[in-house]
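Chain by chain, the residues run as shown.
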Amino acid sequence: MSEAAIIFFLSVCVAVLASIIIYQQFVFRTGIQKKLKEISQKLEEIQDTDSDENIMVFTDNKVLMGLAAQVNRLLEKQKKARVDFRHSEIATKKMLSNISHDIKTPMTVILGYLEIMRLDNPVGNEMLLKVEQKAQKVMELVNQFFTLAKLEAGDTNIEISKINICESCREDVLDFYELLVQKGFQVEVDIPEEAVFVRGNRDALHRILFNLISNVVRYGSDGKYLGIFLRQDEKYIYIDVEDKGKGIDKAFAQNVFERLFTMEDSRNREMQGNGLGLTIARNLAHQLGGEITLDSEPGVKTIFTVKLQMFSC
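Here the structure is a predicted model, which means the values were calculated and not measured.

Student: Could you clarify how one ought to interpret the pairing of strand 3 (residues 197-200) in this entry?
Tutor: Side-chain direction in a regular strand flips from residue to residue, so the side chains alternate between the two faces of the sheet. Here strand 3 shows a buried face lined by Val-198 and Gly-200 and an unburied face lined by Phe-197 and Arg-199. Sheet topology note: the strand 1 (residues 161-164)/strand 3 ladder contains 4 bridges and is antiparallel. Opposite Asn-164, over in strand 3, you have Phe-197 as the bridge partner.

Here it is, written out as structure tokens:
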């Protein structure tokens, strides 16, 4: 074999070996990328679904196996932190519920003594009346805290039954009618004459509407308007509670259902709430399998919408 032929043969062998090495590296890199993509997708799924799963990687690559092991360590720590937080949250809510309950008894006694003192002491009657009114506000706040704490702790047993929502809405509007007339409100009601039934609880529904209408009286009084409208589709009943007051700016729209959030108005201190009414209403709506949403255009109209499941036989 000539020298040229040998050189040609060796060149071909080198080219073949180089091609094999390049191909193996390509396959290796492609396999690594595929496994990394699988890990990334699984991590995204776990985070999106709040799952308790771990990462499973079927490979002989020690680097990938080590990466999966470290990722699973982080996932285990995250699961433990989540469980600890839930336990702590439940314990805190139960503690608040117990404290609220313990405060109610002495406050009831104090109110009783104040009433007796006011009736037996005509001279200091006005002063005692003011003290009694302040004590009643404290008692109202304690009751609100107690209700919310029980709801959030899961200690409230709400029985679901078939409720005529039209009748319930009319009763709640009538409860406020005298106050609304005194304050010069225009009241507009659009409720069907025929019965419409929802999956609900009479006391819970009354509390929801009471809190929403109270909110109109407190914060929507500038518009002197209350609208109650009931509409429905194939699955749900919607109750719109509307006012034409100053409204709620979009910057605060996501905060109105938070505990102790109030739209303070220094011109109307006597009508300020305690910031728990809407929070309780939302929690009760969730307990009934529904929800409450807000749509507000400041200075034009504000609508709180209660969405409830229609009762199906």
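Student: Teacher, can you tell me more about the nonpolar core here?
Tutor: Most often, soluble globular proteins have nonpolar side chains that are buried together. Counting residues in each nonpolar core, the largest one holds 42 residues, and the members touching the most others are Ile-165, Ile-208 and Ile-239. Only helix 3 (125-153), helix 4 (165-182), helix 5 (202-219), strand 4 (225-232), strand 5 (236-243), helix 6 (277-287) and strand 7 (301-309) provide two or more residues apiece to this core. When residues in this core are grouped by element, the largest group, 8 residues, is from helix 5. Those residues in contact with Ile-208 that lie beyond four places of it in its chain are Ala-281, Leu-284, Ala-285, Leu-288, Ile-292 and Val-306.

Student: Would you mind showing me how to read the environment of Ala-68 here?
Tutor: Here Ala-68 shows up in helix 2 (residues 62-120). Residue Ala-68 is classed as buried on the basis of its relative accessible area of 7%. Linking Ala-68 and Leu-36, residues 32 residues apart in sequence, is a C-alpha distance of 9.6 Å. Apart from the residues lying within four places of it in its own chain, the contact partners of Ala-68 are Ile-55 and Val-57.

Student: Explain the packing of helix 4 against helix 5 here, please?
Tutor: Helix 5 packs onto helix 4 with a crossing angle of 35 degrees between their chain directions and a minimal axis gap of 10 Å. Here the hand of the crossing between helix 4 and helix 5 comes out right-handed. Two secondary-structure elements touch here, helix 4 through Ile-165, Glu-167, Ser-168, Cys-169, Glu-171, Asp-172, Asp-175, Phe-176, Leu-179 and Leu-180 and helix 5 through Arg-202, Leu-205, His-206, Leu-209, Phe-210, Ile-213, Ser-214 and Val-217. Of the residues assigned to the contact of helix 4 with helix 5, the class counts are 10 nonpolar, 3 polar and 5 charged.

Student: Is there a simple way to explain the sheet that holds strand 7 in this structure?
Tutor: Adjacent strands of a sheet form backbone hydrogen bonds with each other and so pair up, either parallel or antiparallel. Here 5 strands make up an open sheet; going across it, the order is 2-4-5-7-6 and the pairing mixed. Since the sheet does not close on itself, it has two edges, and those belong to strand 2 (186-190) and strand 6 (291-297), each with one partner. Put simply, the sheet's adjacent strands are angled 15 degrees from each other on average, direction ignored. Note: strand 2 against strand 4, 5 bridges, orientation parallel. Looking at strand 4, one finds that Val-189 is bridged to Ile-228. This element, helix 4, spans strand 2, strand 4, strand 5 and strand 7 of the sheet and lies at about 180 degrees to strand 4. Against the sheet, helix 6 engages strand 6 and strand 7, with an angle of about 135 degrees to strand 6.

Student: Help me understand helix 4, please; the structure alone is not making it clear to me.
Tutor: For helix 4, spanning 18 residues, the distance from its first C-alpha to its last is 26 Å, which sits close to the expected 26 Å at 1.5 Å a residue. Of all the bends in helix 4, the greatest measures close to 45 degrees and is centred on Phe-176. Ile-165, Cys-166, Ser-168, Cys-169, Asp-172, Val-173, Phe-176 and Leu-180 are the residues of helix 4 that are buried. Here helix 4 starts with a cap whose side-chain oxygen sits 3.1 Å from the backbone nitrogen of Cys-166, and that cap is Asn-164. Just beyond helix 4, the residue with positive phi is Gly-184, at close to 75 degrees.

Student: I keep staring at the packing of aromatic side chains and nothing clicks. Help me out?
Tutor: In this description, an aromatic ring pair is defined by two values, namely the gap between the centres and the angle between the planes. All chains considered together, the criterion is met by 2 aromatic pairs. Seen from their ring centres, Phe-176 and Phe-210 are 5.2 Å apart, and the 45 degrees between their planes marks the pair as tilted. Linking Phe-176 in helix 4 with Phe-210 in helix 5, this pair joins segments that are 34 residues apart in sequence. Here Phe-176 falls in the buried class, since its relative accessible area comes to 8%. What makes Phe-210 partly exposed here is its relative accessible area of 37%. Each ring, one from Tyr-236 and one from Tyr-238, has its centre 6.5 Å from the other, and the planes form 55 degrees; the classification is tilted.

Each value, and the rule that gives it
- Residues numbered from 1 in each chain as written.
- Predicted model: local features only at pLDDT ≥ 70, side-chain atom pairs only at ≥ 80, totals over all residues.
- Heavy atoms only, no water.
- Buried < 20%, exposed > 50% of the residue type's maximum accessible area, 1.4 Å probe, protein only.
- Helix = DSSP H or I, 4+ residues; strand = E, 2+ residues; numbered from the N terminus.
- Pairing = 2+ DSSP bridges.
- Core = buried A, V, L, I, M, F, W, Y, C linked by side-chain atoms within 4.5 Å.
- Contact = heavy atoms within 4.5 Å.
- Axes fitted to C-alpha atoms, helices over the stretch in contact; angles between N-to-C directions.
- Left-handed = near helix turned anticlockwise from the far one by under 90°.
- Nonpolar A, V, L, I, M, F, W, Y, C, P; charged D, E, K, R; others polar.
- Expected span 1.5 Å × (residues − 1).
- Bend = angle between axes of the 7 residues up to and from the residue.
- Polar contact = N/O pair within 3.5 Å; in protein donor to acceptor, adjacent residues only side chain to side chain.
- Phe/Tyr/Trp six-rings, centres within 6.5 Å; stacked < 30°, edge-to-face > 60°.

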